[in-house]
Amino acid sequence: MATYKAPRGTNDFIPPQSERMCVILGRMRELFDRYGFRPIETPIFEETELFTRSVGEETDIVSKEMYSFADRKGRSLTLRPEGTASVVRAYVQNNLDHLGLGRLYYVGPMFRYERPQKGRYRQFFQVGVEFLGESGPLADVEVIDLFCHLAESLGLEGLSVELNSVGCPDCRDLYMQKLRRCLEERKPLLCGDCNRRLETNPLRVLDCKVPACQDPLADVPQIVDELCGGCEEHFAETRGGLEALDIPYVLNPRLVRGLDYYTRTAFEVTCRRLGSQSAVGGGGRYDLLVEQLGGKPTPAIGFAIGLERLLMLLGEERLPGEGAAEPLVWVGTSTGEARKAGARLVHSLRRKGWRAQLGYGTGNLGKQMKLANRNGAAATILLGEDELSSGRIAVKHMARGEQLDLGENDIDSQLRQWFGDRP
Ligand code: HAM
């Protein structure tokens, strides 16, 4: 028989990792709520043109990494490579500005046909935040603060906020001309990718990681030195705002991001422990995108965190403040008759608030006890023929080794005595 494997670059999340994911997302949802962000869900696929127009034709994402396909009517659709374009589409389509819904977050899978490696997958999860309708630098500060707060609440250490401004079309165009002139002179020293990008999207040359390109790129003009008055002021106030909140950051004048919609603030949160795919998340301002997608001019800023990378950083350790799991009550049975009684017992224990599980295995009660231990039971109830005929049921506190023979009606109150009241 043929066996099947998940497609290259995709992951199965199995317990306990899948459970950690739920805990992390629960934490994050609490914080989003505290900051006034509300959940939004958009389709996993959209019209291809939505992404080509917003992310940009010349970006790696659009030119090489999209999962695009024709549907049965020949329309070109694409599995979303990121969430911002979809949120903006939904914002415009549903008139969210009229409803005062400018603070939104989402969680879900994204798809990019990249070469898979550690921390880089073809299907990956993002947790994203989009704050629409606010142009002032305090919004930039608030969004970066939220990112840092999320990291703190998960006990993540060793992160670095890298900050840059990519200006607006006015100052950026002038800067790009200057950059292009400078790079033209160094063409022979640059790699093939850089030479190609020099023609299509010179800003992306700055992002090149090829070691041989680092020297020739070291002293190229920096965009922060070429910002127009408005962009310069915005950047200075953003930095001042971060400093006022004691949020450490490093300026990275070569941070340009891989999506074309950014204006002004661009940032990434990185961690060395992640190796070459070091960005846990990234984002920035995109003041022109809403208008570009047919809405009223609306400034906006947001970010997205890669959940797989976050999980890697968290490792196996318990999250700060994460309590132990609720105690498990294991019901072990030795015969078919006892199992029916056991099924009734777990049914009623669960309705009283207990995590309870019926051991389906047959065999002697010693074997049942082993199973209970393997499943981490806090208490074990053993039902055999004797218990059924006498109506006295053995209930054992596993950690203390204490065992009591109880009538069925007394089990709940004994468990409460041992483990406290149920929620
Ligand atoms: P991005 O930088 O392309 O930004 O992706 C954000 C994060 O998603 C990355 O920092 C990384 O953690 C994770 N990520 C990206 N690609 C992969 C991959 N192939 N495998 C695993 N993780 C990955 C955006 O997507 C923007 N939409 C963020 C944004 C929101 N900007 C404004 N609002």
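This report concerns the structure included in the present document. All figures in this text were calculated on a predicted structure; none of them were measured in a lab.

Some points on the side chain of Arg27
Right, on to step 1. Its location among the elements puts Arg27 in helix α1 (residues 17–34).
Right, on to step 2. Although Arg27 lies buried, it forms no salt bridge, and the closest oppositely charged side chain, Glu30, sits 5.4 Å away as judged by the N-O distance.
Right, on to step 3. Not counting residues up to four positions away in its chain, the partners in contact with Arg27 are Ser153, Leu154, Leu319, Pro320, Gly321 and Glu322.

Some points on empty space enclosed by the protein
Right, on to step 1. In total, this model carries one cavity of 30 Å³ or more according to the counting rule given.
Right, on to step 2. Space inside the largest cavity adds up to approximately 30 Å³.
Right, on to step 3. Lining the largest cavity are Ile40, Glu41, Thr42, Arg80, Tyr106, Val107 and Gly108.

Describing the sheet that holds strand β7 (residues 160–165)
Right, on to step 1. Across the sheet, eight strands lie side by side as β1-β5-β6-β11-β10-β9-β7-β8; this open sheet has mixed pairing. Of all strands in the sheet, those with a lone pairing partner are β1 (38–39) and β8 (250–251), marking the two edges.
Right, on to step 2. Here strand β6 (residues 123–132) runs beside strand β11 (residues 300–306); their pairing, made up of seven bridges, is antiparallel. Paired with Glu130 across the bridge in β11 is Gly302.
Right, on to step 3. The sheet strands contacting α1 are β5 (103–111), β6 and β11, and the helix crosses β6 at an angle near 5 degrees.
Right, on to step 4. Across the sheet, helix α9 (residues 229–244) lies against β7, β8, β9 (265–270) and β10 (279–285), angled at about 160 degrees from β7, the strand it touches most.

With respect to unusual backbone geometry
Right, on to step 1. In this structure, Pro16 follows Pro15 across a cis peptide bond, with omega equal to 5 degrees.
Right, on to step 2. On the secondary structure map, Pro16 appears in the segment before α1.
Right, on to step 3. For Asn95, which is not a glycine, the phi torsion comes out positive at approximately 50 degrees.
Right, on to step 4. As for its position among the elements, Asn95 is in the loop between α4 (84–93) and β5.

What counts as what
- Residues numbered from 1 in each chain as written.
- Predicted model: local features only at pLDDT ≥ 70, side-chain atom pairs only at ≥ 80, totals over all residues.
- Heavy atoms only, no water.
- Helix = DSSP H or I, 4+ residues; strand = E, 2+ residues; numbered from the N terminus.
- Buried < 20%, exposed > 50% of the residue type's maximum accessible area, 1.4 Å probe, protein only.
- Lys, Arg positive; Asp, Glu negative; His and termini not counted.
- Salt bridge = Lys/Arg side-chain N within 4 Å of Asp/Glu carboxyl O.
- Contact = heavy atoms within 4.5 Å.
- 1 Å grid on protein atoms, 1.4 Å probe; cavity = no way out; pocket = protein on both sides within 12 Å on 5 of 7 lines; lining within 4 Å.
- Points joined across faces, edges and corners; volume = space filled by probe spheres on them.
- Pairing = 2+ DSSP bridges.
- Axes fitted to C-alpha atoms, helices over the stretch in contact; angles between N-to-C directions.

These values are about where atoms sit, not about what they do.
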